[in-house]
Amino acid sequence: MSRRERGPEPGPGGAAEDAEPESPDQCLSLLPWDRFSAWLHCVCVVGFDLELGQAVEVIYPPHSKLTDKEKTNICYLSFPDSNSGCLGDTQFCFRFRRSPGRKVSLCCFLDQLDRDLPVYLKKDSAYYYGYVYFRQVRDKSLKRGYFQKSLVLISKLPYVHLFRTMLKQIAPEYFEKSEAFLEAVCSDIDRWPPPVPGKVLQLPLMGIIMKLRIPTYRDKPGTTPIVQNMHQADAQISMALPTVHEVDLFRCFCPVFFHIQMLWELVLLGEPLVVMAPSPAESSETVLALVSCISPLKYCSDFRPYFTIHDSEFKEYTTRTQAPPSVILGVTNPFFAKTLQHWPHIIRIGDIKLPGEVPKQVKVKKLKNLKTLDSKPGVYTSYKPYLNKDEEIVKQLQKGVQQKRPTEAQSVILRRYFLELTESFIIPLERYVASLMPLQKCISPWKSPPQLRQFSQEDFMKTLEKAGPQLTSGLKGDWIGLYRHFLKSPNFDGWFRSRQKEMTQKLEALHLEALCNENLVFWSQKHTEVETVDLVLKLKNKLLQADREHLPVKTDTLKKLQTHINDIILALPDDLQDILLKTGTT
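Calculation notes
Residues numbered from 1 in each chain as written. Predicted model: local features only at pLDDT ≥ 70, side-chain atom pairs only at ≥ 80, totals over all residues. Heavy atoms only, no water. Helix = DSSP H or I, 4+ residues; strand = E, 2+ residues; numbered from the N terminus. Buried < 20%, exposed > 50% of the residue type's maximum accessible area, 1.4 Å probe, protein only. Contact = heavy atoms within 4.5 Å. Areas by Shrake-Rupley, 256 points an atom, 1.4 Å probe, with all protein chains shown as cover. Pairing = 2+ DSSP bridges. Axes fitted to C-alpha atoms, helices over the stretch in contact; angles between N-to-C directions. Patch = residues over 30% accessible without salt bridge, like charges linked within 9 Å, V, L, I, M, F, W, Y side chains within 5 Å. Salt bridge = Lys/Arg side-chain N within 4 Å of Asp/Glu carboxyl O. Lys, Arg positive; Asp, Glu negative; His and termini not counted. Charge placed at Lys NZ, Arg CZ, Asp CG, Glu CD. Phe/Tyr/Trp six-rings, centres within 6.5 Å; stacked < 30°, edge-to-face > 60°. Lys NZ or Arg CZ within 6 Å of the ring centre and 35° of its normal. Core = buried A, V, L, I, M, F, W, Y, C linked by side-chain atoms within 4.5 Å. Domains from an automatic or database assignment.

1. Comments concerning the overall build of the chain
Point 1. Each helix and strand in the chain was counted, giving 21 helices and 14 strands.
Point 2. When each of the 586 residues of the chain is scored for burial, the buried share is 52%.
Point 3. Of all intrachain contacts in the chain linking residues separated by at least 6 positions in sequence, the fraction that spans at least 24 positions is 74%.
Point 4. Summed over all atoms, the accessible surface of the chain reaches about 28,900 Å², with 52% contributed by carbon and sulfur.

Structure follows, in structure tokens:
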């Protein structure tokens, strides 16, 4: 009997004892494969066919839907370029556009989980991630002389460390045992608890238990609550993951060690960036490191950890008829050295190795010097940073290399540096935007909620003299110029839209509270039946809006408002009571 026929089984996985139990809507109402779908869209096996080239051999679960365009993208992105020469096992990730128009059965449930995530971990429904474990080994029994296959996890979740760890556990065994093993893996995943942020989760996977915690927006930026290793129980091996999404920052930035601050500016401003690397492992890790360096800000433009000439957006992103788009591309094919030489900022990296000695100072190179992918590693750009270089962080990391400080510790130092830099930059903007919020005394229950005041670039610039980044950062330079540039970028647009939405919802919530604090029954007695009916309909719509938009309103406030509505209706004539109790709202 198949899993779809027999329904979900209760498994050993679940929230840890210190986490809250799953609510019924998270657990009992889930259908077969819904638990799997909360983590993954599907698992693909991509092999090499002598006649067809790369081809999707297996999609699991079998009912998973992928369009032909999505399958083609997965095929080409799951194999390194032939020039990479990746013998043995290689892990990397890619990101591609999802074909529009497909409905998700778990949409509301997943949106509910998404709300509690930090902004930089929220899923983008327009994209899928592909997490790849590629194996290429000599095999004389095959015509081509090589065994070439990729196991690929397709997901909307950006949990790169989690899926990388999973693949390390399952891929080598899959290549030995084939499809029955894959079915067992997926069966395990379909017993996992939902990916609830803030809870310590235990995820069983082929005899081991992974223990992890997904961050929430309430976590203090830069802190990671430590997940302790469990006691060995029932002969099962446990594995505590320190993070679900972070990459090894120091390792990724080693090849461009002296330019980290300039790269932070380029990412912050949404400038077009190309990472040219020898393999997809290096390109994908570097692109992910770049995107994460402005955390807790969300990078709002497109980014492709691994991009090939077969990608469906290849023409769109390499055209010379318009300026390069705001995107970060990771590439390995030498063809890109010519195709993208008109791009303004190019990072060329060699093999990423942890330095045994202090990295040498590498100057920023002129773009005209980048002729081929064999050009020397470095940053090729004519960009002049707005801020003066912070020599302290370079000295601190250099000292760490000399003292053989572990790379994890170096990454912590680098992550804290980027966090403090980003927070120093964003705090003045947060402070100014908060001042656009109307005062609470302006909120009247009998009028529509007041509007936010307009964002004025000049008014904001005036606040910087007394309340600028100098309050939290010792860095000198043209902060004003950096802000002016940032205000034109997609990252500002995304950040401001998000803040606008939060503040508008807060105003709606305050308006609801103001209504609850009024004696609405007394008001209805002094007004006509028509006005009272109008009020009831408006209040019902307010309740629907609070639920639909997930307004930050206490449950008690909503209950109180429902009581007001019921009391008003009961004070009306019977015929109107019947109509209003049955009346739905839009």
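2. Section: the sheet that holds strand β12 (residues 327-331)
Point 1. Here we have five strands laid out as an open sheet, ordered β11-β12-β10-β13-β14, and mixed in their pairing. The open sheet has two edge strands with one neighbour each: β11 (302-304) and β14 (378-381). Going across the sheet, the axis of each strand differs from the next one's by a mean of 15 degrees, ignoring polarity.
Point 2. One ladder, built from four bridges, connects strand β10 (residues 273-276) with β12; its direction is parallel. Its bridge partner being in β12, Leu 273 is matched across the sheet by Ile 328.
Point 3. Across the sheet, helix α10 (residues 280-292) lies against β10, β11, β12 and β13 (345-348), angled at about 160 degrees from β12, the strand it touches most.

3. Some details on unusual backbone geometry
Point 1. Residue Pro 61 is reached from Tyr 60 by a cis peptide bond, and omega for that bond is -5 degrees.
Point 2. For the bond from Ser 295 to Pro 296, the omega torsion is 10 degrees, close enough to zero to count as cis.
Point 3. By the element assignment, Pro 296 lies in the loop between α10 and β11.
Point 4. Backbone geometry places Met 206, a non-glycine residue, at a positive phi of 45 degrees.

4. What to know about the pairing of β12
Point 1. Of all five residues in β12, five are buried; the element is thus mostly enclosed.
Point 2. Because side chains alternate across β12, one face comprises the buried residues Val 327, Leu 329 and Val 331, and the other comprises Ile 328 and Gly 330, equally buried.
Point 3. Strand direction decides the pairing type here: β11 and β12, joined by three bridges, are parallel. Bridge pairing links Phe 303 to Ile 328 in β12.

5. Side note on a negative patch on the surface
Point 1. Taken together, Glu 529, Asp 574, Asp 575 and Asp 578 make up a surface patch of like negative charges.
Point 2. Ranked by residue count, the leading element in the negative patch is helix α21 (residues 574-582), at three residues.
Point 3. Within the fold, Asp 575 resides in helix α21.

6. A look at the sheet that holds strand β4 (residues 88-97)
Point 1. Overall, antiparallel pairing links the five strands, which are arranged β3-β2-β6-β5-β4 in an open sheet. In this open sheet, the two strands that pair with only one neighbour each are β3 (53-60) and β4. On average, adjacent strands in this sheet sit at an angle of 25 degrees to one another, irrespective of strand direction.
Point 2. As defined by bridge partners, strand β5 (residues 127-138) adjoins strand β6 (residues 146-155) across ten bridges and the pair is classed as antiparallel. If you follow Arg 135 over to β6, its bridge partner there is Lys 149.
Point 3. Those strands touched by helix α4 (residues 68-77) are β2 (42-49), β3, β4, β5 and β6, and its axis lies near 150 degrees from that of β4.
Point 4. Sheet strands in contact with helix α6 (residues 160-177) are β2, β4, β5 and β6, and its direction is about 40 degrees off that of β5.

7. What about the packing of aromatic side chains?
Point 1. One pass over the structure, following the stated rule, counts 36 aromatic pairs.
Point 2. Taken together, a centroid distance of 6.2 Å and an interplanar angle of 75 degrees make the contact between Trp 33 and Tyr 60 edge-to-face. Residue Trp 33 is found in the loop between α2 (24-27) and α3 (34-39), and its partner Tyr 60 is found in strand β3; the two are separated by 27 residues along the sequence.
Point 3. Judged by its relative accessible area of 4%, Trp 33 falls in the buried class.
Point 4. With 6.2 Å between their ring centres and 85 degrees between their planes, Trp 264 and Phe 425 make a pair best called edge-to-face. Taken together, the residues Trp 264 in helix α9 (residues 260-268) and Phe 425 in helix α14 (residues 407-434) connect sequence positions 161 residues apart. In this structure, Trp 264 and Phe 425 share a single accessibility class: buried.
Point 5. By the ring-pair criterion, three or more aromatic residues cluster together here, those being Trp 264, Phe 425, Tyr 432, Phe 455, Phe 460, Tyr 483, Phe 486, Phe 492, Trp 495 and Phe 496.
Point 6. One cation-aromatic arrangement involves Arg 95 over Phe 303; the distance from NZ or CZ to the ring centre is 4.0 Å.

8. Section: the nonpolar core
Point 1. Judged by nonpolar contacts, the single largest core of 114 residues is most densely connected at Trp 39, Leu 162, Phe 253 and Leu 429.
Point 2. Of the residues forming this core, the biggest block, ten residues, is contributed by α14.
Point 3. Each of domain 1 (34-241) and domain 2 (248-493) accounts for three or more of the residues forming this core.
Point 4. Those residues in contact with Leu 429 that lie beyond four places of it in its chain are Phe 455, Phe 460, Tyr 483, Phe 486, Leu 487, Phe 492 and Trp 495.
Point 5. Within the second largest apolar cluster, 21 residues are counted, among which are Cys 516, Leu 543, Val 553 and Ile 568.

9. Concerning the environment of Pro 215
Point 1. Along the chain, Pro 215 turns up in the loop between β8 (208-213) and β9 (237-240).
Point 2. The buried category is assigned to Pro 215, whose relative accessible area is 13%.
Point 3. Setting aside residues no more than four positions away along its own chain, Pro 215 makes contact with Asp 116, Leu 117, Pro 118, Leu 121, Pro 197, Gly 198, Val 244 and His 245.

Any functional reading would require information that these geometric values do not contain.
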